[in-house]
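In case you want the letters, here they are:
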Amino acid sequence: MTSIIELYVFVLAAFVGYQVITRVPPLLHTPLMSATNAISAISLVGSLVLAGANRDTLSNWLGFIAVVSATINVVGGFLITDRMLKMFRREPKPAPGGALEKKTGGAG
Amino acid sequence: MDTRELVIQAIYLASSVLFILGLKSLSNPDRARLGMQQAAMGMALAIIGTLFHHEIVRFDFIALALVLGTVIGYPLGMFVPMTAMPQRIAISHMFGALAATLVGVAEYRINEHGLPRSTMAALGFEVLFGALTVTGSFMAFGKLQEFITGRPVTFRGQNTVNITLFGVAIAMFGYLIYRPQTSMVFYAMIGLALLLGVFMVLPIGGADMPVVVSLLNSYAGLASSATGFAIQNNVLIICGALDGASGFLLSILMSKAMNRSFGNVLFGAFGSPPALVAGTQAKDLTVHSVSAEDAAMRMAYASTVIVVPGYGMAVAQAQHVVRELADLLEKRGVTVKYAIHPVAGRMPGHMNVLLAEANVPYDRLYDMEEINSEFPQADVALVIGANDVVNPAARSDPSSPIYGMPILDVDRSKGVIVLKRSMNPGFAGIENHLFYAPNTSMLFGDAKSSLTRLVSEVKAL
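Everything numeric here is computed off the predicted structure, so don't read it as measured data.

K.L.:
Kindly report on the overall build of chain A, identifying the contributing residues and their values.
P.N.:
Within chain A one finds 5 helices and 0 strands. Along chain A, from the amino end to the carboxyl end, the secondary structure elements read α-α-α-α-α. Within chain A, the fraction of its 108 residues that count as buried is 57%.

K.L.:
Give a detailed account of the interface of chain A and chain B, specifying residues and quantitative values.
P.N.:
The accessible area lost on association of the parts is a frequent measure of interface size. At the interface, 82 residues of chain A touch 101 residues of chain B. Secondary-structure elements contributing two or more residues to the side of chain A that touches chain B are α1 (2-22), α2 (29-40), α3 (44-52), α4 (57-87) and α5 (96-105) of chain A. When residues of the side of chain A that touches chain B are assigned to their parent elements, the largest contribution, 28 residues, is made by α4 of chain A. In the side of chain A that touches chain B, the residues fall into 46 nonpolar, 26 polar and 10 charged.

K.L.:
Now, about the confidence of the model for chain A: what can you tell me, with residues and values included?
P.N.:
For residues with low pLDDT, the predicted coordinates do not support detailed interpretation. Residues and elements named next belong to chain A. When pLDDT is averaged along chain A, the result is 85; 83% of the residues meet or exceed 70. Here α5 stands out as the element of chain A with the lowest mean pLDDT, 44, in contrast to α4, whose mean of 94 is the highest. Note that residues 97-108 has pLDDT below 50 and, in this model, 13 contacts with residues that lie over four places away or in other chains.

K.L.:
Please provide a residue-by-residue account of the domain arrangement of chain B, values included.
P.N.:
All names here are of chain B. With domains assigned, chain B is organised as domain 1 (3-267) and domain 2 (280-460). Domain 1 puts 20 residues into the contact, and the matching count from domain 2 is 19 residues. Those elements giving two or more residues to the side of domain 1 that touches domain 2 turn out to be α4 (85-111), α8 (209-230) and α9 (234-257). Classifying every residue of the side of domain 1 that touches domain 2 by side-chain character gives 15 nonpolar, 5 polar and no charged.

K.L.:
Now, about the nonpolar core: what can you tell me, with residues and values included?
P.N.:
A general tendency of soluble globular proteins is for nonpolar side chains to be buried together. Grouped together as the largest cluster of nonpolar side chains are 199 residues, with contacts concentrated most on Val67 of chain A together with Met189, Val305, Val308, Val383 and Ile384 of chain B. Counting the residues that make up this core, at least three belong to each of domain 1 (3-267) and domain 2 (280-460) of chain B. Excluding residues that lie within four positions of it along the chain, Val67 of chain A makes contacts with Leu44, Ser47, Leu48 and Ala51 of chain A together with Ile62, Ala65, Leu66 and Gly69 of chain B.

K.L.:
Summarise the sheet that holds strand β4 (residues 380-384) of chain B; cite the residues concerned and give the values.
P.N.:
Residues and elements named next belong to chain B. If you walk across this open sheet you meet the 6 strands as β3-β2-β1-β4-β5-β6, and the pairing is parallel. Bordering the open sheet on either side are β3 (365-367) and β6 (440-444), each of which pairs with just one other strand. With strand direction ignored, the average angle separating the axes of adjacent strands in the sheet is 25°. Both strand β1 (residues 304-309) and strand β2 (residues 335-340) contribute to a ladder of 4 bridges, which runs parallel. Paired with Ile306 across the bridge in β2 is Lys337. Lying on the sheet, helix α13 (residues 319-331) is in contact with β1, β2 and β4; it crosses β1 at an angle near 175°. Most of the contacts of helix α14 (residues 350-357) go to β2, to which it runs at about 145°, and overall it touches β1, β2 and β3.

K.L.:
So, the packing of helix α1 (residues 3-25) of chain B against α9 of chain B: which residues are in play, and what are the values?
P.N.:
Residue and element names in this part refer to chain B. Between α1 and α9, whose axes approach to 9 Å, the crossing angle comes to 10°. Comparing the axis directions of α1 and α9 gives the class roughly parallel. For the pair formed by α1 and α9, the contact residues are Tyr12, Ser15, Ser16, Phe19 and Leu23 on the first element and Asn234, Val235, Ile238, Cys239 and Leu242 on the second.

K.L.:
Outline the pairing of strand β5 (residues 416-420) of chain B, listing residues and values.
P.N.:
Residues and elements named next belong to chain B. With respect to burial, β5 is a largely interior element, 5 of its 5 residues being buried. Here β5 shows a buried face lined by Val416, Val418 and Lys420 and a second buried face lined by Ile417 and Leu419. Pairing of β4 with β5 involves 4 bridges; the strand directions are parallel. Paired with Ala381 across the strands is Val416, a residue of β5. Alignment of β5 against β6, held across 5 bridges, turns out to be parallel. Residue pairing for β6: Val416 is matched across the bridge by Thr440.

K.L.:
Before we move on, can you summarise unusual backbone geometry with the specific residues and values?
P.N.:
Residues and elements named next belong to chain B. Phi at Gln317 takes a positive value of approximately 50°, unusual for a residue other than glycine. Examined against the element boundaries, Gln317 turns out to sit in the loop between α12 (311-316) and α13. The exposure class assigned to Gln317 is partly exposed, which follows from the 15 C-beta atoms found within 10 Å. Even without a glycine there, the phi angle at Asn359 is positive, about 70°. Along the chain, Asn359 turns up in the loop between α14 and β3. Its 13 C-beta neighbours within 10 Å are what place Asn359 among the partly exposed residues.

Parameters at a glance
- Residues numbered from 1 in each chain as written.
- Chains lettered and ligands numbered in written order.
- Predicted model: local features only at pLDDT ≥ 70, side-chain atom pairs only at ≥ 80, totals over all residues.
- Helix = DSSP H or I, 4+ residues; strand = E, 2+ residues; numbered from the N terminus.
- Buried ≥ 20, exposed ≤ 12 C-beta atoms within 10 Å, placed from the backbone.
- Contact = placed C-beta atoms within 7 Å.
- Nonpolar A, V, L, I, M, F, W, Y, C, P; charged D, E, K, R; others polar.
- pLDDT = per-residue confidence, 0-100.
- Domains from an automatic or database assignment.
- Core = buried A, V, L, I, M, F, W, Y, C linked by C-beta atoms within 7 Å.
- Pairing = 2+ DSSP bridges.
- Axes fitted to C-alpha atoms, helices over the stretch in contact; angles between N-to-C directions.
- Parallel < 35°, antiparallel > 145°, perpendicular 65-115°, else oblique.

This is the structure we're talking about:
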């Protein structure tokens, strides 16, 4: 029964993801990739348990490597996403009328 | 469910909400940064919450691994140049998939005997997708970093080999669900998946990288999600699904932008274009080359210039000079816009990031659909190291391998100036008639030095 509920969660989350991500403009597709990559490094929560549980040494070591890999993505992923998003700036003087004029007026 | 477990689950729920809100914020460039910072908070919360897990008894490994991961991850986040972003993203898919695969292996080892079939199915997915993504991403990284050749590597019967490998892996997976305790098969399947990742990316050329990188993004997400099923953790399922959906959507968008079919994307059986067939008659045509002085003159006295950047701009790291030139032109009253093709460069959004790095305001960057109607009014379209995405054969020549691919209608503008290293055909080996058109002038040379010359010529006017 639990696996059915998990399937529900998966399908609904994928649906939400699809809806949310459809709205991301092509402008931000690279930050989107690095962001989803950072977020999916949540597999860290599984790795942490593995690294710290009292199972056997090999499990701990597998967990250790997994935690290192996932942490690289968490730290590096969020930092680089932030670095990119920081760069996206509007026109310095964002008077809405002026911007509009620029878009249509420059044509001739 | 005891109190501790309840608290952990509540934290996971909060993190999930923060992640979704973070992704939602990406729909608006002005809010995106804050939203992603909140998502990072969500991640921190989830990590702290997990440390209270009842099974965790020792913290030495955890602390050491977290420190080591941070030490490696920090420079990967802070110091990697924007031009290296495609390979940076590719390698991060490898790390994510590696973590998922190792968790899968460890879970299998511990529970080898008496593993329920549903868990085995989840674990199978996890290691299959995970292992395939590990080597696939590493290959993609190698190709983008250029220590593996960027050209498609093909051999006779390649597709047969790939399909056979895939079939055998799936058969092994099926057998494992039937008999979860056969560990030999489990490890053989991982080996096969690792091999499959290599073979999958081997035949793919640089120009097709945006699709592959997105696809691997999706696979890495699916592997994480399968981890969630295997260890019954909802936050993992949710995040994996978000990542999977995102990568999937991007690969569809990218393949549409290259006019490749959906099935092509799903099975990764793309990559070797029927090279050097079309447009060979171009030999009799003449090329009009132009001096930097004339080109600068034409742009300086234009009223609208549309800049069309491509991978050549990234290679030459010319984005800052582009911006400098645009500034000078704007000072003279020229309207400068940027036309961005969805697959320009080596990953989705590659050009946008580079131009944003060069301080180009994002409201000057136009998508293909927005800008295509404006080319006929543009006095000059300045093509910087772009080739296939501006090839009119995609519109007019049914025999061309890229026929049907949506392109930027650069050829319809009043004049075209193309910055190009030489007349060698582009990556896919397809002849581009734009370069021979009567309204096209070629300015040969490295994109960056050509632009620098243009800048000094405009200054001298």
